[in-house]
Amino acid sequence: MQRCLELAAMGKGHVAPNPMVGAVLVHNGRIIGEGWHKHYGQAHAEVNCLQNVAETDWQLIPESVMYVSLEPCAHYGKTPPCATRLVQEHVKEVIICNDDPFDKVAGRGMEILKQAGIPVTSGLLAPEGKWLNRRFFCFHEQQRPYIILKWAKTNNGFLAPADSSRMQLTGKPAQELVHKWRAEEAAIMVGTTTARNDNPQLTARLVQGAQPLRIVLDRQLTLPANLNIYANDAPTWIVNEGKETVEGHVSFIKLDFNNMLLEQLMHRLYNAGIQSVIVEGGARLLNSFIEIGLWDEARVFTAPVQLGNGIHAPVFNTNAVFKTAIGEDALKLYVNDKSNYPYVGGMEL
């Protein structure tokens, strides 16, 4: 099952909104097939695993055990149901890491297997599987995107100079890592002040991958149209309280800023099928998420620089669950104490 999870992770950034899934076929302790879901809309892990079996081993499939990191699907989507395919191949047994929370599966895949007389076991390395697919699980179980907070601070606790002017704190390795993260998430979000003062592009331009949806809060629509957030290199939501319309690649989203704004926004993102959002600032927006407990994890860089004064970085009442060095910068990972998807040591972000 550990191998299943390793294979599944190879689909990261390529399969959303589908989950990452890996599969391994074992005959008497020997792996005879491996596969993972490689790209959205293409064959699932179980099918790729079966296709990976050498011709000389085909006759062993009915005597083999299929290990898979998520319950085989039971519905026709972009591809036929995998549970039915496993029945057709007469696999001997199926061992599953996680049950699928998607309402079109949700136990139906296991039921298809059981009705065909195939023994099914689930729950093997379940915490590891939930961490790997935490975005998928959060979206379907809590009906909102998985929320990642991210910021960089000086080693004496400031986000930026007191005048909110742009200051690059982290080095190139950290910057490249952040762009990799952006390509792995469905959306990226900043507040009005950050958009105006930093004029960020909010793209994953330093790596190859999909561009996330840009989300910018601009209550009174005061941000000038020549900012990078209006460039046509990525779809963009401008969240405001004045208008609801679409202009090219820019959607103006009208919400009530005086009534649970962030919860409203997460509901709109859920309805739009957005499974995850990475919030990159500024301080006011980050603290707003923290104050209401609406976040799942936070990734915090500390740079080896100091400011005499400035805008204070958010402070947590929880301990980091993971820490490492990224170039000359230090990275810490925090997970919300109330999260249903706790960090599992040894697994990547």
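Residues numbered from 1 in each chain as written. Predicted model: local features only at pLDDT ≥ 70, side-chain atom pairs only at ≥ 80, totals over all residues. Heavy atoms only, no water.

A few words now on the overall build of the protein. If you tally the helices and strands in the protein, you get 10 helices and 17 strands. In terms of overall size, the protein behaves like a compact globule, its C-alpha atoms giving a radius of gyration of 22 Å where 349 residues would be expected to give roughly 20 Å. Structurally, the protein occupies a C-alpha span of about 70 × 45 × 35 Å along its principal axes. The proportion of buried residues among the 349 residues of the protein is 52%. Accessible surface, the protein as shown: approximately 15900 Å² in total, 48% of it carbon and sulfur. A distance of 4 Å separates the average location of the 32 positive side-chain charges in the protein from that of its 35 negative side-chain charges. (Helix = DSSP H or I, 4+ residues; strand = E, 2+ residues; numbered from the N terminus. Rg over C-alpha atoms; globule rule 2.2 N^0.38 Å. Buried < 20%, exposed > 50% of the residue type's maximum accessible area, 1.4 Å probe, protein only. Areas by Shrake-Rupley, 256 points an atom, 1.4 Å probe, with all protein chains shown as cover. Lys, Arg positive; Asp, Glu negative; His and termini not counted. Charge placed at Lys NZ, Arg CZ, Asp CG, Glu CD.)

Among the residues making up helix α1 (residues 2–9), those that are buried are C4, L5, L7 and A8. Viewed along the axis of α1, the buried residues span an arc of 160°, placing them on a single side of the element. (Arc of directions from axis to C-beta.)

Here A16 and P17 are connected by a cis peptide whose omega angle stands at 10°. Locating P17 in the fold gives a position in the loop between α1 and β1 (22–27). Here G281 and G282 are connected by a cis peptide whose omega angle stands at 5°. By the secondary structure assignment, G282 is in the loop between β13 (276–279) and α10 (283–291). Unlike most non-glycine residues, A106 shows phi in positive territory, near 40°. The topology assignment puts A106 in the loop between β4 (93–98) and α4 (108–115). One non-glycine residue with positive phi stands out, namely L221, at about 55°. Turning to its location among the elements, L221 is positioned in the loop between β9 (213–217) and β10 (236–240). Of the residues examined, L221 reaches a relative accessible area of 31% and is grouped as partly exposed.

With that settled, the discussion passes to the pattern of salt bridges. All told, the structure shown has 18 salt bridges when counted by the stated rule. As a salt-bridge pair, K12 and E184 come within 3.6 Å of each other at their nearest N and O atoms. Placement of K12 in the loop between α1 and β1 and of E184 in helix α7 (residues 172–184) is noted, with a sequence separation of 172 residues between them. The same class applies to K12 and to E184, which are both buried. The salt bridge partner of E297 is R299, with a shortest N-O separation of 2.8 Å. Taking relative accessible area as the criterion, R299 reaches 0% and is therefore assigned buried. Connected via shared salt-bridge partners are R3, E6 and E34. (Salt bridge = Lys/Arg side-chain N within 4 Å of Asp/Glu carboxyl O.)

The next thing to look at is the pairing of β4. Within β4, 5 of the 6 residues are buried, which leaves the element mostly enclosed by the surrounding structure. Sheet analysis places strand β3 (residues 65–70) next to β4, joined by 5 bridges and oriented parallel. Counterpart to V65 in the pairing with β4 is E93. Sheet topology note: the β4/strand β5 (residues 120–122) ladder contains 3 bridges and is parallel. Note on β5: the bridge partner recorded for V94 is V120. Assessed by its sense of winding, the connection that carries the chain from β4 through α4 to β5 is right-handed. (Pairing = 2+ DSSP bridges. Right-handed = clockwise from strand over helix to strand, strands pointing away.)

All right, on to the pairing of β1 then. Counting buried positions along β1 gives 6 out of 6 residues, so the element sits mostly inside the fold. Here β1 shows no split at all, with G22, V24 and V26 on one side and A23, L25 and H27 on the other all buried. Two successive antiparallel strands, β1 and strand β2 (residues 30–36), enclose a turn made up of 2 residues, where N28 displays a positive phi of approximately 50°. Where β1 meets β3, 4 bridges bridge the pair, whose relative direction is antiparallel. Looking at β3, one finds that V26 is bridged to V65.

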